[in-house]
Amino acid sequence: MTFLRQDTRPVKVGNLTIGGSDEVIIQSMCTTKTADVAATVAEILRLEEAGCQMVRVTVNNEEAAAAIKEIKKQIHIPLVADIHFNYKLALQAIENGIDKVRINPGNIGRREKVEAVVNACKEKGIPIRIGVNAGSLEQHLLDKYGYPTPEAMVESALYHIGILEELDFHDIIVSLKASDVPMAIEAYTKAAEVIPYPLHLGITEAGTLFAGTVKSAAGIGALLSRGIGSTLRISLSADPVEEVKVARELLKSFGLIANAPTLVSCPTCGRLDIDLFSIANEVEEYLSSLKVPIKVSVLGCAVNGPGEAREADIGIAGARGEGMLFRYGEMVRKVPEAELVSELKKEIDHIAKVFEET
Ligand code: SF4
């Protein structure tokens, strides 16, 4: 049996539920020092604005754990603490109001320490994410398999899950990240066959904005298309806002996001008579701040323009120095090229308002 996202156990994280439905939650991670509350909050607010639904911060010292209390007061989405090994930091983060802890129970140490973290989580209703990473598998698995493999990753996840289940703890989310795309796909696919908990998708250390986007889309896209994954983070060596933008675009490709605008634009060819690249880029930038499912098409000429525009809420088809403006499939007027973007923005605002009111 494969646990597709709607079949996984629903796990509450703050005001969100991960798993148990077709919804896929978008996460990102702060690049700031967590102890710097002002900088961390500013980054989280930018992430929220971009559509991030949950954010992780590193909790690598007591100052970071202490900062959680103040950060929580100033943000609006669930906050996740990323903790390695140190159970005291986990306890402090939980005490300070964290919504989820990312820690591997098998790395905490003695059983009393694991129990202390699990009991604190139980008391506050906080889930634990087990984060398996191909680059840091347990030595006994490396000894058994020789090197990181999808099977070793799943075995590692089951090992950590077993520790939590033994303590009757089931609010679990699991990730199995690798920077090798085929390995990540295989690990998550195998995990979905045996792990009933929601899976957090990610291609780790994917790279820069361009290469990392392609790599993440290839790996995570393959999994999403199979119904696997209830939450995701795109890992980029870039402003984390870009991670959220990529995540939204990716979910849009699979119809897994309800509040995102779509831009259809043509690749252009010799028939083009307007500066379509800059128009498309400007419109895309404008749409990126909207949280409504508006569909806009920007086509270079009348060959496909009217057809595409008919499918869109608003669209243009270019002509020599001007564009035909379509609204809900009907040509409404011709607009000079210099005014196309501003006219489109006005139309977009109008339609977005209609969406917001309905
Ligand atoms: Fe070329 Fe027109 Fe098609 Fe754009 S819509 S690719 S300009 S034929």
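Keep in mind the model is a prediction, meaning the values are calculated, not measured.

Q: Give me the UniProt feature "binding site: [4Fe-4S] cluster" (unreviewed entry) in the protein: which residues, what numbers.
A: Here the UniProt-annotated "binding site: [4Fe-4S] cluster" (unreviewed entry) positions come out as C266, C269, C301 and E308. Considering the arrangement of structural elements, one finds C269 in the loop between β11 (262–265) and α10 (276–287). Mapped onto the elements of the fold, C301 is located in the loop between β12 (295–299) and α11 (305–311). The residues touching C301, leaving out its near neighbours within four places in the chain, are R271, L272, D273, A317 and G318.

Q: Go over the sheet that holds β11 with me, naming the residues and quoting the values.
A: Here we have 5 strands laid out as an open sheet, ordered β11-β12-β13-β14-β15, and mixed in their pairing. Both outer strands of the open sheet, β11 and β15 (330–336), are each paired with one neighbouring strand and no more. The mean inter-strand angle of the sheet, taken between neighbouring strand axes irrespective of direction, is 20 degrees. The pairing of strand β14 (residues 322–327) with β15 spans 6 bridges and is classified as antiparallel.

Q: I'd love a proper account of the environment of R233, names of residues and values included.
A: Structurally, the position occupied by R233 is in strand β10 (residues 231–233). Judged by C-beta crowding, with 27 C-beta atoms within 10 Å, R233 ranks as buried. Expressed as a C-alpha distance, the spacing of R233 and I203, which sit 30 residues apart in the sequence, is 8.2 Å. In this view, R233 contacts Q27, S28, M29, G202 and E243; residues no more than four positions away in its chain are not counted.

Q: Help me get a handle on the confidence of the model for the protein, residues and values and all.
A: On average, the protein scores 94 in pLDDT, and the residues at 70 or more come to 100%. Scored by ipTM, the complex comes to 0.99, with pTM at 0.93.

Q: Please set out the sheet that holds strand β8 (residues 172–177) residue by residue, giving values where relevant.
A: Read from one edge of the open sheet, 8 strands run β8-β7-β6-β5-β4-β3-β10-β9, paired in parallel fashion. Lying at the two open borders of the sheet, with one neighbouring strand each, are β8 and β9 (200–201). In terms of strand pairing, strand β7 (residues 128–133) meets β8 through 6 bridges, oriented parallel. Residue V132 lies in a different strand from β8, and its bridge partner there is L176.

Q: How would you sum up helix α7 (residues 181–194)? Please name residues and give values.
A: With 14 residues, α7 should reach 20 Å at 1.5 Å per residue; the first-to-last C-alpha distance of 20 Å fits that figure. Turning to α7, its buried residues are A184, I185, A187, Y188, A191 and A192. Projected down its long axis, α7 carries its buried residues within an arc of 165 degrees, all on one side. Away from the buried face of α7 by more than 90 degrees, exposed residues P182 and E193 are located. Close packing links the buried residues of α7 with α6 (150–166), β8, β9 and α8 (209–225).

Q: Provide a residue-level description of the nonpolar core, including the pertinent values.
A: In a soluble, globular protein the nonpolar side chains are often hidden away together inside. Within the largest apolar cluster, 82 residues are counted, with the highest numbers of intra-cluster contacts made by V55, A93, V101, A157, V174, Y188 and A191. Non-local contacts of Y188, meaning those with residues more than four positions away in its chain, are made with L176, L199, L201, L223 and I228. Counting 26 residues, the second largest nonpolar core, distinct from the first, contains I274, C301, A312 and I316.

Q: So what's going on with the domain arrangement of the protein? Which residues, and what values?
A: Per the domain assignment, the segments of the protein are domain 1 (5–253) and domain 2 (262–357). Distance between the C-alpha centres of domain 1 and domain 2: 38 Å.

Q: Could you give an account of the packing of α7 against α8, naming the residues involved and the relevant values?
A: At their nearest, the axes of α7 and α8 sit 9 Å apart, and the two run at 20 degrees to each other. As far as their axial angle goes, α8 and α7 are roughly parallel. Crossing hand, α7 versus α8: right-handed. Seen from α7, the contacting residues are V181, A184, I185 and Y188; seen from α8, they are K215, A218, G219, A222 and L223.

Q: Explain helix α12 (residues 340–357) to me, and be specific about the residues and the numbers.
A: In this model α12 runs 26 Å from its N-terminal to its C-terminal C-alpha over 18 residues, within 8% of the 26 Å that 1.5 Å per residue would give. Buried within α12 are the following residues: L340, V341, L344, E347, I348 and I351. Projected down its long axis, α12 carries its buried residues within an arc of 125 degrees, all on one side. With respect to the buried face of α12, the exposed residues turned more than 90 degrees away are S342, K346, H350, K353, E356 and E357. Buried residues in α12 make contact with α10, β12, β13 (314–319), β14 and β15.

Q: Lay out the environment of M54 with the relevant residues and their values.
A: Residue position: M54 is located in strand β4 (residues 54–58). For the pair formed by M54 and V80, sequence separation is 26 residues and the distance between their alpha carbons is 7.5 Å. Other than its neighbours up to four places away in sequence, M54 contacts V13, L16, I25, Q27, I77, P78 and V80.

Q: So what about the environment of N133? Which residues, and what values?
A: Along the chain, the position of N133 falls in strand β7. Along the chain, N133 and A157 lie 24 residues apart, while their C-alpha atoms are 9.5 Å from each other. With sequence-adjacent residues up to four places away left out, N133 is seen in contact with K177 and T204.

Criteria and thresholds
Residues numbered from 1 in each chain as written. Predicted model: local features only at pLDDT ≥ 70, side-chain atom pairs only at ≥ 80, totals over all residues. UniProt positions renumbered as here; feature names shortened; annotations may be inferred. Helix = DSSP H or I, 4+ residues; strand = E, 2+ residues; numbered from the N terminus. Contact = placed C-beta atoms within 7 Å. Pairing = 2+ DSSP bridges. Axes fitted to C-alpha atoms, helices over the stretch in contact; angles between N-to-C directions. Buried ≥ 20, exposed ≤ 12 C-beta atoms within 10 Å, placed from the backbone. pLDDT = per-residue confidence, 0-100. Expected span 1.5 Å × (residues − 1). Arc of directions from axis to C-beta. Core = buried A, V, L, I, M, F, W, Y, C linked by C-beta atoms within 7 Å. Domains from an automatic or database assignment. Parallel < 35°, antiparallel > 145°, perpendicular 65-115°, else oblique. Left-handed = near helix turned anticlockwise from the far one by under 90°.

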